[in-house]
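# Coordinate inspection notes
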Amino acid sequence: GWRFGMKYELKHPIEHAGEKISELDLKEPTTKMCKQLGMPYTVDLDGMPHLNTAVCAAYISKLAGLPPSVIETLALKDFNVLCWMVMGFFGEGAE
């Protein structure tokens, strides 16, 4: 289940504080965090979710425990997968 968070192995490892990071461990977001950051997506008139990449990046930063500047160094493919993983925490319609 989503409850305990999710691990993701980066296709393109990144560096932080002189350490190579090849896996991110996303903790489960809390309601309090959602209040602060907002929802990571908007829903259009057809009910289709659209990622808000700025909000997703903020969640990835908080959930993985890495500064935003490090999240910005992620390869785009990794960032995209992580954004959808964040969406997965928000339940139905985000699969």
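## With respect to the nonpolar core
- Counting 24 residues, the largest nonpolar core has Leu10, Leu24, Leu26, Ile60, Leu74 and Leu82 as the members making the most contacts within it.
- Among the secondary structure elements, those contributing two or more residues to this core are β1 (6–16), β2 (19–26), α2 (53–64), α3 (68–71) and α4 (76–88).
- The element contributing the most residues to this core is α2, with six residues.
- The contacts of Leu26, once residues within four sequence positions are left out, are Gly5, Met6, Ile60, Leu63, Ala64, Leu82, Met85 and Phe89.

## Looking at the pattern of salt bridges
- If you walk through the whole model with that rule in mind, you get one salt bridge.
- Ionic pairing is found between Asp25 and Lys7, a salt bridge with its closest N-O pair at 2.9 Å. Placement of the pair is Asp25 in strand β2 and Lys7 in strand β1, with a sequence separation of 18 residues.

## A look at the side chain of Asp78
- Mapping Asp78 onto the fold places it in helix α4.
- One buried charged side chain, Asp78, makes no salt bridge at all; its nearest oppositely charged neighbour is Lys11, positioned 5.3 Å away.
- Here the side chain of Asp78 touches Tyr8 through a polar contact of 2.7 Å, side chain to side chain.

## Observations regarding the pairing of β1
- Of the strand pairs in this sheet, β1 and β2 are connected by seven bridges, and their pairing is antiparallel. Considered in β2, the bridge of Glu9 is made with Glu23.
- The turn joining β1 and β2, which pair antiparallel and follow one another in sequence, is formed by two residues; a positive phi near 50° is taken by Ala17.

## Topic: α4
- Compared with an ideal rise of 1.5 Å per residue, which puts 13 residues at 18 Å, α4 spans 18 Å between its outermost C-alpha atoms and is within 8% of the ideal.
- For α4, the set of buried residues is Asp78, Phe79, Leu82, Cys83, Met85, Val86, Met87 and Gly88.
- Structurally, α4 contributes buried residues whose contacts are with β1, β2, β3 (41–43), β4 (49–51), α2 and α3.

Criteria and cut-off values
Residues numbered from 1 in each chain as written. Predicted model: local features only at pLDDT ≥ 70, side-chain atom pairs only at ≥ 80, totals over all residues. Heavy atoms only, no water. Core = buried A, V, L, I, M, F, W, Y, C linked by side-chain atoms within 4.5 Å. Buried < 20%, exposed > 50% of the residue type's maximum accessible area, 1.4 Å probe, protein only. Helix = DSSP H or I, 4+ residues; strand = E, 2+ residues; numbered from the N terminus. Contact = heavy atoms within 4.5 Å. Salt bridge = Lys/Arg side-chain N within 4 Å of Asp/Glu carboxyl O. Lys, Arg positive; Asp, Glu negative; His and termini not counted. Polar contact = N/O pair within 3.5 Å; in protein donor to acceptor, adjacent residues only side chain to side chain. Pairing = 2+ DSSP bridges. Expected span 1.5 Å × (residues − 1).

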